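Each chain, written out:
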Amino acid sequence: MTALLTVRNLSHRYNADVLLSFADVLLSRGALLMVRGPSGSGKSTLLHLLGGVLPITSDAGSVLLDGTDVGSLTSKQRDGLRPFVVGWMPQRHSMIGSVSVLDNVLLPVALARRVTGADRMRASELLRALEIESLAERRPADISVGQLARVNLARALAAQPKLLLADEPSAALDDASVNAVASVIAVYVSEGGSAIVASHDGRLRDSLLRMLGDRFSERSVAP
Ligand SMILES: Nc1ncnc2c1ncn2[C@@H]1O[C@H](COP(=O)(O)OP(=O)(O)OP(=O)(O)O)[C@@H](O)[C@H]1O
Ligand SMILES: [Mg+2]
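Everything numeric here is computed off the predicted structure, so don't read it as measured data. (Residues numbered from 1 in each chain as written. Chains lettered and ligands numbered in written order. Predicted model: local features only at pLDDT ≥ 70, side-chain atom pairs only at ≥ 80, totals over all residues.)

S.K.: I tried to follow the pairing of strand E9 (residues 163–167) on my own but got confused; where do I start?
M.R.: Regular strands have side chains that alternate between both faces of the sheet. The buried fraction of E9 is high, at five of five residues. Burial along E9 is two-sided: Leu163, Leu165 and Asp167 facing one way and Leu164 and Ala166 facing the other are all buried. By the bridge criterion, four bridges tie strand E8 (residues 86–89) to E9 in an arrangement that is parallel. Looking at E9, one finds that Gly87 is bridged to Leu164. In terms of strand pairing, E9 meets strand E10 (residues 194–198) through five bridges, oriented parallel. The partner of Asp167 across the bridge, within E10, is Ala198. (Buried ≥ 20, exposed ≤ 12 C-beta atoms within 10 Å, placed from the backbone. Helix = DSSP H or I, 4+ residues; strand = E, 2+ residues; numbered from the N terminus. Pairing = 2+ DSSP bridges.)

Here it is as C-alpha cells:
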C-alpha cells in the first residue's frame, strides 16, 4: 500500500486566541484513519484543511495529497479537489431543498461535469446500501435527520473519490443505521479508497474495526 496522504507539522490559526496543532498523518490507499478528540479539539478544522476548504498558510505545515502539495494551491484549485480527489462529508451539511434526494447526491458531480448513467446507478446503489433507496425522489425537507445524514454520506462517495473525509458520519443515527454507514465506508476502503473519519462514536469505531481489521487505525487529533 502506498501513501495517499502525508500531513506534517500542520497547524491552523483562526484568530489571536485560537491556534490548533495537529498530529502527523500518513494514510495509505485502502486504509481508514479515525480521528478522535473532545469537542472543540479541532477534528472538523483538520478535515477542512485536508479537503481544501480552509487554506493552509505558508508557515502552517504541509499536506501532500495524491502527489499534490495542498498548501500551494489557489482557492480555485483547492475547490477543484472536490468531488473526485476528495469526497466531502461535512458535519453541517446543506442540501438543495428544491431538488430530490437523488439529485442532491449527484450535485457535486453535476457541478464538475455531465452526469452519466453510471453516476446515477452508483448514487442509487449507495442509497440502497444506506437503506434509504425508497427516499430517492423525495425532497430533503421531507426526510428525517438520520436519513439526511446518510444522504450526506452518499453524496460524498458518489464521485468515487480517492479520499473520503467524513465528519461525524454517525451523529443522529440508530444502531442499525450506524452499521449501514460503517459497512458502506468499509466497502469503499476495501476497494482501495482511503478515508479519514472524525468521530467519537464508539459504535462506529467498533463496527469499522471489525469490518476493516488492519486497514483501520485511530489517533487523537492533537499531537
Ligand atoms: N470560524 C472559526 N473562527 C474561530 N474559531 C473557530 C472557528 N471554527 C472553529 N473554531 C474554534 O476552533 C476550535 C476547533 O473547532 P472544531 O470545529 O474543529 O472542533 P471539533 O473537534 O470538530 O469539535 P466537535 O466535536 O464539537 O465537532 C474550537 O475551539 C472552535 O471554537
Ligand atoms: Mg467537529
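S.K.: Would you mind showing me how to read the site of ligand 1 here?
M.R.: Every one of the 13 residues lining ligand 1 counts as a neighbour, but Tyr14, Ser39, Lys43, Ser44 and Thr45 are closest to it. Looking at the shell around ligand 1, the element that brings in the most residues is helix H1 (residues 43–50), giving three residues. When grouped by side-chain class, the residues that make up the shell around ligand 1 number three nonpolar, nine polar and one charged. (Near = placed C-beta within 6 Å. Nonpolar A, V, L, I, M, F, W, Y, C, P; charged D, E, K, R; others polar.)

S.K.: What should I look at first to understand the sheet that holds E8 in this one?
M.R.: The strands making up a sheet associate through hydrogen bonds between their backbones, and the pairing can be parallel or antiparallel. Sheet architecture is open: five strands sit in the order E8-E9-E10-E5-E11, paired in parallel fashion. Sheet topology places E8 and strand E11 (216–220) at the edges, where each strand pairs with a single neighbour. If you compare each strand with its neighbour and ignore which way they point, the axes differ by 15° on average. Here helix H5 (residues 145–157) sits on the sheet in contact with E8 and E9, set at roughly 170° to E8. (Axes fitted to C-alpha atoms, helices over the stretch in contact; angles between N-to-C directions. Contact = placed C-beta atoms within 7 Å.)

S.K.: Is there a simple way to explain the packing of helix H6 (residues 175–190) against helix H7 (residues 202–212) in this structure?
M.R.: When two helices pack together, their arrangement is given by the angle between the helix axes and by the axis-to-axis distance. Axis separation between H6 and H7 bottoms out at 9 Å; the angle between their running directions is 40°. When the axes of H6 and H7 are compared, the pair comes out oblique. In the crossing of H6 with H7, the sense of the turn from one axis to the other is right-handed. Residues Asp175, Val178, Asn179, Val181, Ala182, Ser183, Ile185, Ala186 and Val189 of H6 form the contact with H7, whose own contacting residues are Arg203, Leu204, Ser207, Leu208, Met211 and Leu212. Of the residues belonging to the contact of H6 with H7, the class tally is 10 nonpolar, three polar and two charged. (Parallel < 35°, antiparallel > 145°, perpendicular 65-115°, else oblique. Left-handed = near helix turned anticlockwise from the far one by under 90°.)

On their own, these measurements won't tell you what the molecule is for.
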